[in-house]
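These are the residues of each chain, in order.
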Amino acid sequence: YDRSLAVGLTLGSRVFCCDNLAFSGEVTMQRKHTVNVFRDLPDLIYRMLSQVSAMRERSDGEIAAMKSRELQPVGAHHLMVEAIRSGVLPASRLPKVIEAWEEPAHAEFLPRTAWSLFNAFTEVQKGAPPRAQMDGSLRLSSLFRRELSLN
């Protein structure tokens, strides 16, 4: 290896790594591959982990807010339409989301909350290729943050 490529790290709850050197996650870092890269690596990792820790706290707060947020049918339908508009998943998958919302596979998603709807989407996204799952999940999180004022 001639050190012509940067050293890269990615961290997060949704990480994508491919053998063609494409990778992404919530926190990504690249550093020129110099002689001192291994000396500097622990500090870089520590800084990245602190970013992930802050993101985790934010995520836990958002999940708690979604679990406590009751969702009427009109609100659920609005979020479904906005999800299609935002490219969360193709419109052809919407019937599966409706089915997962109306008849959840898991008892913990029976309450009509934003968290149950979020999980209906992620249940349907499981059938997509990994990259589409990751992109859809990021769009879904952004949509719910925006529409439910979770920021």
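Refer to the structure presented above.
Residues numbered from 1 in each chain as written. Predicted model: local features only at pLDDT ≥ 70, side-chain atom pairs only at ≥ 80, totals over all residues. Heavy atoms only, no water.

A word on the overall build of the chain. The secondary structure content of the chain amounts to 5 helices and 4 strands. Starting at the N terminus and ending at the C terminus, the chain contains elements arranged as β-β-β-β-α-α-α-α-α. In terms of overall dimensions, the chain is more spread out than a globule: its C-alpha atoms have a radius of gyration of 19 Å, far above the 15 Å expected for 151 residues. Counting every position in the chain, which comprises 151 residues, the buried fraction comes to 34%. Contacts spanning at least 24 positions in sequence make up 55% of the contacts within the chain whose residues lie at least 6 apart. In the structure as shown, the chain presents an accessible area of about 9600 Å², 55% of it carried by carbon and sulfur atoms. (Helix = DSSP H or I, 4+ residues; strand = E, 2+ residues; numbered from the N terminus. Rg over C-alpha atoms; globule rule 2.2 N^0.38 Å. Buried < 20%, exposed > 50% of the residue type's maximum accessible area, 1.4 Å probe, protein only. Contact = heavy atoms within 4.5 Å. Areas by Shrake-Rupley, 256 points an atom, 1.4 Å probe, with all protein chains shown as cover.)

Further remarks concern the nonpolar core. Of all hydrophobic cores here, the largest spans 25 residues; its most connected members are Met 66, Met 80, Val 97, Leu 117, Phe 121 and Phe 144. Breaking this core down by element, the ones donating at least two residues are α2 (73-85), α3 (94-102), α4 (114-125) and α5 (130-147). Ranked by residues supplied to this core, first place goes to α4 with 7 residues. The residues contacting Leu 117, other than those within four sequence positions of it, are Leu 71, Ala 76, Leu 79, Met 80, Trp 101 and Phe 144. The next biggest cluster of nonpolar side chains, apart from the first, holds 5 residues, and it includes Val 27, Leu 41, Leu 44 and Met 48. (Core = buried A, V, L, I, M, F, W, Y, C linked by side-chain atoms within 4.5 Å.)

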